[in-house]
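# Architecture and fold: a report
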Amino acid sequence: MAAPTCKMVARPLRKFLTCISETYLRNNVHRRLSLTVPLSSVLEAKKTEINAVSPWTLHGAVCLQRLPKISQERSPFEEQFAELMSRMELERSLLSEHELRLLEDVERMSRKQSDDYDSDDECLVDQDIITAQDMEDAWEQKFHRFHPAPRHKEPVDMDRSSVDRCLGDSLVLLAKQQVGSEDLWLLPQLQWNAGETLRRTAERALASLPGADFKAAFLGNTPCGVFKYKFPKATRTESSVGAKVFFFKALLSSHSPSPTKKGAFVWVKKSELANYLKPRYLKQVNRFVMNI
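Cut-offs and rules
Residues numbered from 1 in each chain as written. Predicted model: local features only at pLDDT ≥ 70, side-chain atom pairs only at ≥ 80, totals over all residues. Heavy atoms only, no water. Helix = DSSP H or I, 4+ residues; strand = E, 2+ residues; numbered from the N terminus. Buried < 20%, exposed > 50% of the residue type's maximum accessible area, 1.4 Å probe, protein only. Contact = heavy atoms within 4.5 Å. Areas by Shrake-Rupley, 256 points an atom, 1.4 Å probe, with all protein chains shown as cover. Axes fitted to C-alpha atoms, helices over the stretch in contact; angles between N-to-C directions. Parallel < 35°, antiparallel > 145°, perpendicular 65-115°, else oblique. Nonpolar A, V, L, I, M, F, W, Y, C, P; charged D, E, K, R; others polar. Core = buried A, V, L, I, M, F, W, Y, C linked by side-chain atoms within 4.5 Å. Patch = residues over 30% accessible without salt bridge, like charges linked within 9 Å, V, L, I, M, F, W, Y side chains within 5 Å. Salt bridge = Lys/Arg side-chain N within 4 Å of Asp/Glu carboxyl O. Lys, Arg positive; Asp, Glu negative; His and termini not counted. Charge placed at Lys NZ, Arg CZ, Asp CG, Glu CD. pLDDT = per-residue confidence, 0-100. Phe/Tyr/Trp six-rings, centres within 6.5 Å; stacked < 30°, edge-to-face > 60°.

### Looking at the overall build of the chain
Of regular secondary structure, the chain possesses six helices and eight strands. When the helices and strands of the chain are read in sequence order from the N terminus, they spell out α-β-α-α-α-β-β-β-α-β-β-β-β-α. Looking at the chain as a whole, 24% of its 292 residues are labelled buried. Sequence separation of at least 24 residues holds for 73% of the intrachain contacts in the chain that already meet a minimum separation of 6. Entry remark: accessible area of the chain is about 22000 Å², with carbon and sulfur atoms responsible for 58%.

### So, the packing of helix 3 (residues 97-113) against helix 4 (residues 132-145)
Put simply, helix 3 and helix 4 touch, their axes get as near as 8 Å, and they point 130 degrees apart. Here helix 4 runs oblique to helix 3, going by the angle between their axes. Note on element contacts: helix 4 touches helix 3 through Ala 132, Gln 133, Met 135, Glu 136 and Trp 139, opposite His 98, Arg 101, Leu 102 and Asp 105. Its residues assigned to classes, the contact of helix 3 with helix 4 shows four nonpolar, two polar and three charged.

### So, the nonpolar core
Generally speaking, a soluble globular protein has its nonpolar side chains buried in company with each other. Among the nonpolar cores identified, the biggest contains 23 residues, and Leu 174, Leu 187, Phe 247, Leu 277, Tyr 281 and Val 285 are the most heavily contacted of them. Counting only elements with at least two residues in this core, the list comes to strand 1 (56-66), strand 2 (171-179), strand 3 (182-186), strand 6 (225-230), strand 7 (242-255), strand 8 (265-268) and helix 6 (279-285). Setting aside anything within four residues of it in sequence, one finds Leu 277 in contact with Leu 174, Trp 185, Leu 186, Leu 282 and Val 285. Formed by 19 residues, the second largest nonpolar core is a distinct cluster that contains Val 62, Leu 173, Leu 209 and Phe 218.

### What about a positive patch on the surface?
A cluster of basic residues, Lys 228, Lys 230, Lys 233 and Arg 236, forms a positive patch at the surface. Of note, Arg 236 is situated in the loop between strand 6 and strand 7. Using a relative accessible area of 31% as the deciding quantity, one classes Arg 236 as partly exposed.

### What to know about the confidence of the model for the chain
For the chain, mean pLDDT is 79; residues scoring 70 or higher make up 72% of the total. Confidence over residues 33-37 falls short of pLDDT 50; this stretch has one contact with residues more than four positions distant or in other chains. Long-range and interchain partners of residues 46-51, a stretch whose pLDDT sits below 50, account for zero contacts in this model, where long-range means more than four residues apart.

### Observations regarding the packing of aromatic side chains
How two aromatic rings sit relative to each other is given by the distance of their centres and the angle of their planes. Inspection of every chain in the model, using the stated rule, returns eight aromatic pairs. Between Phe 227 and Tyr 281, the ring centres sit 5.2 Å apart and the planes meet at 80 degrees, which makes this aromatic pair edge-to-face. Of the two residues, Phe 227 sits in strand 6 while Tyr 281 sits in helix 6, which places them 54 residues apart along the sequence. Take Phe 227 and Tyr 281: they sit in the same class, and that class is buried.

Here it is, written out as C-alpha cells:
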C-alpha cells in the first residue's frame, strides 16, 4: 500500500513543479522580448529621424508695433455723442462743494446789502474772506498760462522711416529684404540656426536691421502666424522646396535716434500695408496685425 500512496502524492507534486517552471520560462521570455522590441524600434525611429531632412527652410520674423502716442481726433458723430453725454451728466448731477460755496457767498453778499445787517453775526469779521469767485479767477489765470502740445498734422513728405510719424495711430515696422533676385518689403526675418529657438531668430532679425536700435517687448514664445512659400522652380531642389516663416509679435519699448540707411525700413499704418506687401503675404499678416 506504501508504493501506490507515494505515486499518488508524487504525481500532483511533479505536475505543480512543471507548471511553475513553464510559467517562469514564459514570463522570462516575454520580459526579454518586451525589452528588446521597443529598444530596436526606438533606435530605428531615431535613425530615420536623423536621415530625414526637412525640405523646408525655417525663418523667424518679428511683427514690431509702435502703439499710439496721443489720442485720435474725434469724428463729428463722436463729438455729438460726447456733448450729449456731458449734458446728461450735468443734468443728473448734484451740486459740488464749490458750487455750494458760491451760493453761500451770494447769500452773504445779499445779507450785507440788507438794511438790518449786523456785522456781529458774521464769524470772520477781522479776517480777509477768500470767496469762491476769487478762487475761480485764480484758476482761470493758471489755465491761460497752460499751453497744450499742438495736434498738427504731419507733412505729406514726412520720412516714413521716422518712428514719430502718425502719433495717433499704431504703426508696423517693415524692412526691405532680398528674396532671390527681388527686393521685397517684409516683416524683419532671418533664417533659423540649429540649436536656437524661433523666438531667438526673430530677436536676431530685429537686431540685424542696419542703423536701428530698437528695444522691444516680445509677447510670448508662441508664433502668432506662419507663412509658407515655394522657391522658384529654377532654384528648387528635392532637399530645398521652400520656406516657412514663423511670426512673433512685439511692442516697441524704446529706441535710440541714430543715422539709418535710407530706405532700409519704414513705419506704416495697417491701412498702408497694401502699398508694400504682396497679396498672399498681406493676407496672412492682416490676421494678426491689430489696428489699436
